[in-house]
Amino acid sequence: MVRNKKSMRNLMGIFKDKASLIKAALSIKRAAATVHVAVLRATTHSPSLPPPPHRVSALLSLGRDSRPAAWACVAAILDRLHATRDAYVALKCLITLHHVVAEGSVVLKDQLSFYPSTGGRNFLNMSRFRDKRDPETWELSSWVRWYAAVLERNLTVSRVLGTFISSAVRRTNANLRNREELRVLTSADLVGDLDCLVDMVEEICRAPESLEFQRNDLVYEVVNFVGEDYRSTQYRILGRLGELGERIDGLSSGELSELTRILERLEGCRGRLSAVFANKKRNDAFWEVVGETKARAAKLEEERERGMWLVRVGRRREEGESTRYRERVGRPSQVLSLPYSGDWHGVDRVHFHIEPAMA
């Protein structure tokens, strides 16, 4: 019975895709129709496979040259995302958007990054998405909501860093190329960058508990794509930790405290990350650097606090001794008055005879 329902649903999805393609092909707005058709072909109702690579490439090529074309591509994907109630279509739209961030032209990326920062409607807010047709689509809906939140955080962090963390070109050498760029940043900027990057890691850790759904091809593709973002995030964290490690003695107490707090948050994600990525991206060397940097920052912060405490104790002792001295000699009843002339009452006058020195 359940299998028959799924077969019927898949058949209805095919009919919907065909009808949408025919409608788009009959549109008199040829440029818009071309983009619409490309989006429909990349985000079909088929539950089995993620968007075919050649369909994604065709869509990305449409938004490569001009801003109007790039805007039309992004708008068409987002319209499809928010119009559908199908979890499979929604996941494919999000995967396609992720391809835009990772592989799209600069013009195409700019159009996508513009949407969450306009101050109006957040076009990646899928917090209310629910596909209630059956338990499977209901569970897939939680992956839709999480994946949209990860993409939104991705774009937010990319704006702070000034570079797309999903970029396929930068992803391969992010740990090598950043050194010169990081040296010109202030320590406060580096700590702020770390805060944003750890926000990204924490968002990844909010993956649905139903990790067994990674057997689903769509979910598997999503987790792999997010795993690449996590790897890129690690590289950027390592670069900033290396630079801060060289400056650590010059960090202010506030910066040391903030750095320790951020790294504690990051270490709190380790177990969940291992579960989400099934230990494939454990990277013990990364966690060693995180732990060592946190220990150095905490130790230096403690030493400074102890030093300030000793200074305060020393000042209190000096102030206490000074006060006791004033109390001991400063009261009027204890001040010895010596007469400048006349006799001392009750004291015999003593005459001193000083012999001349021998030549």
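On a predicted model such as this, the values are computed, not experimentally measured, just so you know. (Residues numbered from 1 in each chain as written. Predicted model: local features only at pLDDT ≥ 70, side-chain atom pairs only at ≥ 80, totals over all residues. Heavy atoms only, no water.)

Thoughts on the overall build of the protein
To be explicit about the condition: Here a helix means four or more residues in a row that DSSP labels H or I, a strand means two or more in a row labelled E, and each is numbered from the N terminus. For every residue, the accessible area (1.4 Å probe, protein chains only) is compared with the maximum for its type, and the residue is labelled buried under 20%, exposed over 50%, or partly exposed between those bounds. By definition, residues are in contact when any of their heavy atoms lie within 4.5 Å. What sets the accessible areas is the Shrake-Rupley method with a 1.4 Å probe; for residues, cover comes only from the shown protein chains.
Assigned secondary structure in the protein consists of 15 helices and 0 strands. Per-residue burial over the protein gives 42% buried out of 359 residues. Nonlocal contacts in the protein, meaning residues at least 24 apart in sequence, comprise 78% of its contacts between residues at least 6 apart. For the protein, the exposed surface amounts to about 20800 Å²; the carbon and sulfur share of it is 55%.

Overview of the packing of aromatic side chains
Operational definition: A pair of Phe, Tyr and Trp rings is counted when the ring centres sit within 6.5 Å of each other, with Trp represented by its six-membered ring. The angle between the planes then sorts it: under 30 degrees is stacked, over 60 is edge-to-face, the rest tilted.
Applying the stated criterion across every chain yields a total of 3 aromatic pairs. Aromatic pair Trp 143 and Trp 146: ring centres 5.6 Å apart, planes at 90°, arrangement edge-to-face. With Trp 143 and Trp 146 both in helix 7 (residues 135–161) and 3 residues apart, this pair spans about one turn of that helix. When the centroid spacing of 5.0 Å and the interplanar angle of 75° are considered together, the rings of Phe 286 and Trp 287 count as edge-to-face. Taking relative accessible area as the criterion, Phe 286 reaches 1% and is therefore assigned buried.

Overview of helix 12 (residues 217–247)
To keep it simple, the criterion reads: In a helix, the anticipated span is given by 1.5 Å times the number of residues less one. Polar contact is the term for a pair of N or O atoms within 3.5 Å; when the atoms are in protein, one must be able to donate a hydrogen and the other to accept it, and sequence-neighboring residues count only if both atoms are side-chain atoms.
Over its 31 residues, helix 12 extends 45 Å from the first C-alpha to the last, a length consistent with the 45 Å expected when each residue adds 1.5 Å. Structurally, the start of helix 12 carries an N-cap: the backbone nitrogen of Leu 218 is 2.8 Å from a side-chain oxygen of Asn 216.

Things to note about the pattern of salt bridges
To keep things clear, this is the line we draw: Here a salt bridge means any side-chain nitrogen of Lys or Arg lying within 4 Å of a carboxyl oxygen belonging to Asp or Glu.
For the coordinates displayed, the defined rule picks out 15 salt bridges. Among the ionic pairs, Arg 133 bridges to Asp 131, the shortest N-O distance being 2.7 Å. A relative accessible area of 39% places Arg 133 in the partly exposed class. Judged by relative accessible area, which is 2%, Asp 131 ranks as buried. Between Glu 258 and Arg 261 there is a salt bridge, with the nearest N and O atoms lying 2.4 Å from each other. Here the residue Glu 258 and the residue Arg 261 both occupy positions in helix 13 (residues 253–267), the gap between them amounting to 3 residues, near one helical turn. Taking the relative accessible area as the measure of exposure, Glu 258 reaches 26% and is therefore partly exposed.

Quick look at the confidence of the model for the protein
Caution applies to low-pLDDT regions: their predicted coordinates should not be interpreted in detail. Selection rule: Each residue carries a pLDDT score, the predictor's confidence in it, ranging from 0 to 100.
For the protein, per-residue confidence averages 81 on the pLDDT scale, and 72% of positions sit at 70 or higher. Per-element confidence in the protein ranges from a low mean pLDDT of 47 for helix 8 (residues 168–171) to a high of 97 for helix 11 (residues 187–205). Here residues 116–120 is a poorly scored stretch, pLDDT under 50, and it has 5 contacts once near neighbours within four places are set aside; other chains count. In this model, residues 333–342 is a region of pLDDT below 50 whose contacts with residues beyond four sequence positions or in other chains number 7 contacts.

A word on the environment of Val 191
Its location among the elements puts Val 191 in helix 11. Taking the relative accessible area as the measure of exposure, Val 191 reaches 5% and is therefore buried. Separated by 50 residues in sequence, Val 191 and Leu 241 place their C-alpha atoms 8.9 Å apart. If we skip the residues at most four places from it in the chain, Val 191 touches Leu 244, Glu 255, Glu 258, Leu 259 and Ile 262.

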